[in-house]
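Below are the chains, spelled out letter by letter.
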Amino acid sequence: MGKIIAIVNQKGGVGKTTTAINLAASLAILEKKTLLIDIDPQANATSGVGIKPEEVAHSIYECIVETVDPKLLIQATAIPNLDLLPSHINLVGAEVEMVSFRNREGRIKLALKSITSIYDYIIVDCAPSLGLITINALTAADSLIIPVQCEYFALEGLGKLLNTTKIIQSRLNPNLEIEGILMTMYDARLRLANQIVAEVKKHFQCMVFETIIPRNIKLSEAPSFGMPAIIYDADSKGAVSYLRLAEEITGGVRNNKIH
């Protein structure tokens, strides 16, 4: 069975979509059959692997709202071993439509049942919110990765997200674990960045990935070309860091308990 990993943080601008795209691509490079699911209406993960959202006729929206089999909607990317279940702007209205649904928190979990055996890893890029669609992702996921920007304000919402995760675990998904807290946009020259890393490691210990994602221009440039960094520039620090993260996930033994 494929492992479902949700990339979640209600705060925007922390490297969530960058992580989803580049982790999925790196897992594919490691010859793991990988599916990237974009459940953010902005569809940046979709465009980031070379598929234009405006040309997407059917998306994850149909899976969630109309219970269409995702196998019918998955698209291959230009990267071997990497497929995409795209997003679309019409996903904006899905939460309102889902309010009256039975089992509204479990729609994505139900949709993914038919495809988990096809993939080694399923990476879910969530919107920067803790709304109903993100709750769906957490209900479906085996684990979550929390990207945390190496800046002070990025820490403010971390406690709230962990509390939400505990609620999901107690009520909807008892098997949900923390895959890890990922420090992103790290600049070793800044004392504040080093202080934030030290503080997060002090409080969360083994829950923090050894891999730290640096600020890197190639990570910023690659999406404009519709490529993950490992395809755009495999030798860049950003690409190397995400490949190291993929290796840490596939080979490491972690303490995934939610404290």
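Residues numbered from 1 in each chain as written. Predicted model: local features only at pLDDT ≥ 70, side-chain atom pairs only at ≥ 80, totals over all residues. Heavy atoms only, no water.

### A few points about the overall build of the protein
Here's step 1: Helix and strand counts for the protein come out as eleven helices and seven strands.
Here's step 2: For 259 residues, the compact-globule estimate of 2.2 N^0.38 gives 18 Å, and the protein sits close to it at 17 Å.
Here's step 3: On the principal axes, the C-alpha backbone points of the protein span a range of 50 × 40 × 30 Å.
Here's step 4: Counting all 259 residues of the protein, 53% fall into the buried class.
Here's step 5: Taken as a whole, the protein presents about 11700 Å² of accessible surface, with 51% of it coming from carbon and sulfur.
Here's step 6: When the 25 basic and 27 acidic side-chain charges of the protein are each reduced to a single mean position, those positions are 7 Å apart. (Helix = DSSP H or I, 4+ residues; strand = E, 2+ residues; numbered from the N terminus. Rg over C-alpha atoms; globule rule 2.2 N^0.38 Å. Buried < 20%, exposed > 50% of the residue type's maximum accessible area, 1.4 Å probe, protein only. Areas by Shrake-Rupley, 256 points an atom, 1.4 Å probe, with all protein chains shown as cover. Lys, Arg positive; Asp, Glu negative; His and termini not counted. Charge placed at Lys NZ, Arg CZ, Asp CG, Glu CD.)

### Quick notes on unusual backbone geometry
Here's step 1: Of note, the phi angle at Asn103 is positive, near 50°, even though the residue is not glycine.
Here's step 2: Here Asn103 shows up in the loop between helix H4 (94-98) and helix H5 (107-112).
Here's step 3: The backbone phi angle of Met185 is positive, close to 55°, even though this residue is not glycine.
Here's step 4: Among the structural elements, Met185 can be located in the loop between strand E7 (177-184) and helix H8 (191-204).
Here's step 5: The exposure class of Met185 is partly exposed, given its relative accessible area of 23%.

### Some details on the sheet that holds E7
Here's step 1: The sheet built from seven strands is open, its strands ordered E3-E4-E2-E5-E1-E6-E7 with mixed pairing. The two strands at the open ends of the sheet, each matched to only one other strand, are strand E3 (75-76) and E7.
Here's step 2: Packed onto the sheet, helix H7 (residues 158-171) meets strand E6 (143-149) and E7 and runs at close to 175° relative to E6. (Pairing = 2+ DSSP bridges. Contact = heavy atoms within 4.5 Å. Axes fitted to C-alpha atoms, helices over the stretch in contact; angles between N-to-C directions.)

### What about the state of the cysteines?
Here's step 1: One pass over the structure, following the stated rule, counts zero disulfides.
Here's step 2: Here Cys126 is not cross-linked by a disulfide; its sulfur's nearest cysteine counterpart is in Cys63, at 15 Å.
Here's step 3: Among the residues examined, Cys126 registers a relative accessible area of 0% and is labelled buried.
Here's step 4: There is no disulfide at Cys150, and the cysteine sulfur nearest it, in Cys206, is 19 Å away. (Disulfide = S-S within 2.5 Å.)

### Structural notes on the pattern of salt bridges
Here's step 1: Throughout the structure, instances matching the rule amount to seven salt bridges.
Here's step 2: Here Arg215 and Glu151 are joined by a salt bridge, their closest N and O atoms 3.1 Å apart. Of the two residues, Arg215 is situated in the loop between H8 and helix H9 (217-221) and Glu151 in the loop between E6 and H7; the sequence distance between them amounts to 64 residues.
Here's step 3: Classification of Glu151 by relative accessible area gives partly exposed; the value is 35%.
Here's step 4: Asp233 serves as the salt-bridge partner of Lys218, at 4.0 Å between the closest nitrogen and oxygen. Here Lys218, found in helix H9, pairs with Asp233, found in the loop between helix H10 (229-232) and helix H11 (237-251); they are 15 residues apart in sequence, far enough to count as distant.
Here's step 5: Residue class for Lys218 comes out partly exposed when judged on its relative accessible area of 25%.
Here's step 6: Classification of Asp233 as partly exposed rests on a relative accessible area of 24%.
Here's step 7: Look at the salt bridges and you will find they share partners, linking Lys218, Glu221 and Asp233 into a network. (Salt bridge = Lys/Arg side-chain N within 4 Å of Asp/Glu carboxyl O.)

### What about the nonpolar core?
For soluble globular proteins, nonpolar side chains are generally found buried alongside one another.
Here's step 1: Counting 50 residues, the largest nonpolar core has Ile37, Ile39, Val124, Ile146 and Met183 as its most contacted members.
Here's step 2: It is helix H6 (residues 132-140) that contributes the most residues to this core, six residues altogether.
Here's step 3: Ignoring any residue separated from it by four or fewer positions in sequence, one finds Ile146 in contact with Val8, Asn9, Leu158, Leu161, Leu162, Ile178, Gly180, Ile181 and Leu182. (Core = buried A, V, L, I, M, F, W, Y, C linked by side-chain atoms within 4.5 Å.)

### As for H11
The α-helix advances 3.6 residues per turn, and as a result positions three or four apart in sequence lie on the same side.
Here's step 1: With 15 residues, H11 should reach 21 Å at 1.5 Å per residue; the first-to-last C-alpha distance of 21 Å fits that figure.
Here's step 2: Considered for burial, the residues of H11 that qualify are Gly238, Ala239, Ser241, Tyr242, Leu245, Ala246, Glu248 and Ile249. (Expected span 1.5 Å × (residues − 1).)

### So, the pairing of strand E5 (residues 121-125)
Here's step 1: Within E5, five of the five residues are buried, which leaves the element mostly enclosed by the surrounding structure.
Here's step 2: The alternating pattern of E5 places Tyr121, Ile123 and Asp125 on one face and Ile122 and Val124 on the opposite face, and all of these are buried.
Here's step 3: Of the pairings in the sheet, the one linking strand E1 (residues 3-7) to E5 comprises five bridges and is parallel in character. Note that in E5 the partner of Ile7 across the bridge is Asp125.
Here's step 4: Direction of pairing for strand E2 (residues 34-38) relative to E5: parallel, over a ladder of five bridges. Bridging across to E5, Leu36 finds its partner in Ile123.

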